[in-house]
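Structural overview for review
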Amino acid sequence: MEARRPRGPSVRRAAARDLARAGGQDATIEIVEYDGAWPARFDAERERLLPLLPGAEIHHIGSTAVPGLPAKPVLDLMALVDDVDAPVAALIEEGGYEYPEAFNATLSRRRWLCRPSAAHRTHHLHLVDDRTELDRHLRFRDRLRASATLADEYARLKRQLAGRLGDDREAYSEAKSAFIHRVETAVRDEV
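All of these numbers come straight from a predicted model, not from anything done at the bench.

Overview of empty space enclosed by the protein
A complete count under the given rule lists one cavity of 30 Å³ or more for this structure. When its volume is computed, the largest cavity comes out at roughly 30 Å³. Looking at the largest cavity, the residues that line it are Arg-136, Arg-139, Phe-140, Glu-184 and Arg-188. Secondary-structure elements contributing two or more residues to the lining of the largest cavity are helix H5 (131-146) and helix H7 (169-190). When residues of the lining of the largest cavity are assigned to their parent elements, the largest contribution, three residues, is made by H5. Split by residue class, the lining of the largest cavity holds one nonpolar, no polar and four charged.

The following block contains the structure:
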């Protein structure tokens, strides 16, 4: 059984300070038009990461993985690994990723890294050791890929939220959660 990670207000404040020191909380959220180069950039990053994550499944998730969907110009990758902590050192030393420690202390069964820095992110790497978590993200991505109506609705929501909450990444992410939950519930009900 995994040890429970602390989640109280002092840990959340430390996580926020950790990201702020790295410049991660200061960047304004910018939604850009879909870039047809995103899939090739994912493929290149996946190939670059394979030696650092032997045996891992590495997937393109998030809005940049949905053709035609406007997004923040940051590729989200999710890797299913046996141990979320084991590859972190190599990802930092050889992969050029940053690992905000206090932020990661708030996560359970998941690690989050960014490249090249928290202040200027081009890649997010999510490490998970739970296939259910990976599958949840893939189902959401695939649902948006399959439904232009849902993808358009999500694009409108993201643009609206970026305009209103563009300086608060946490609030922006939280405000998207109702839409994401609705789509995930619909997909679960269909299965």
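Now that the structure has been shown, we can carry on.
A few points about H5
Helix length check: H5 (16 residues) gives 22 Å between terminal C-alpha atoms against 22 Å at 1.5 Å per residue, within 8%. Every buried residue belonging to H5 is among Glu-133, Leu-134, His-137, Leu-138, Phe-140, Arg-141 and Leu-144, and all of these are buried. Buried residues of H5, viewed axially, fall in a sector of 155 degrees; they line one side. The exposed set on the far side of H5, more than 90 degrees from its buried face, consists of Thr-132 and Ala-146. Where H5 is buried, its residues meet strand E1 (57-61), strand E2 (75-80), strand E3 (110-116), strand E4 (121-128), helix H6 (148-165) and H7.

Focus: the side chain of Lys-72
Tracing the chain through its elements places Lys-72 in the loop between E1 and E2. Although Lys-72 lies buried, it forms no salt bridge, and the closest oppositely charged side chain, Asp-76, sits 5.7 Å away as judged by the N-O distance. In this structure, Lys-72 is in contact with Ile-29, Glu-30, Ile-31, Trp-38, Thr-64, Arg-169, Tyr-172 and Lys-176, ignoring residues within four places of it in sequence.

Definitions and cut-offs
Residues numbered from 1 in each chain as written. Predicted model: local features only at pLDDT ≥ 70, side-chain atom pairs only at ≥ 80, totals over all residues. Heavy atoms only, no water. 1 Å grid on protein atoms, 1.4 Å probe; cavity = no way out; pocket = protein on both sides within 12 Å on 5 of 7 lines; lining within 4 Å. Points joined across faces, edges and corners; volume = space filled by probe spheres on them. Helix = DSSP H or I, 4+ residues; strand = E, 2+ residues; numbered from the N terminus. Nonpolar A, V, L, I, M, F, W, Y, C, P; charged D, E, K, R; others polar. Expected span 1.5 Å × (residues − 1). Buried < 20%, exposed > 50% of the residue type's maximum accessible area, 1.4 Å probe, protein only. Arc of directions from axis to C-beta. Contact = heavy atoms within 4.5 Å. Lys, Arg positive; Asp, Glu negative; His and termini not counted. Salt bridge = Lys/Arg side-chain N within 4 Å of Asp/Glu carboxyl O.

None of the figures reported here should be taken as evidence of function without further support.
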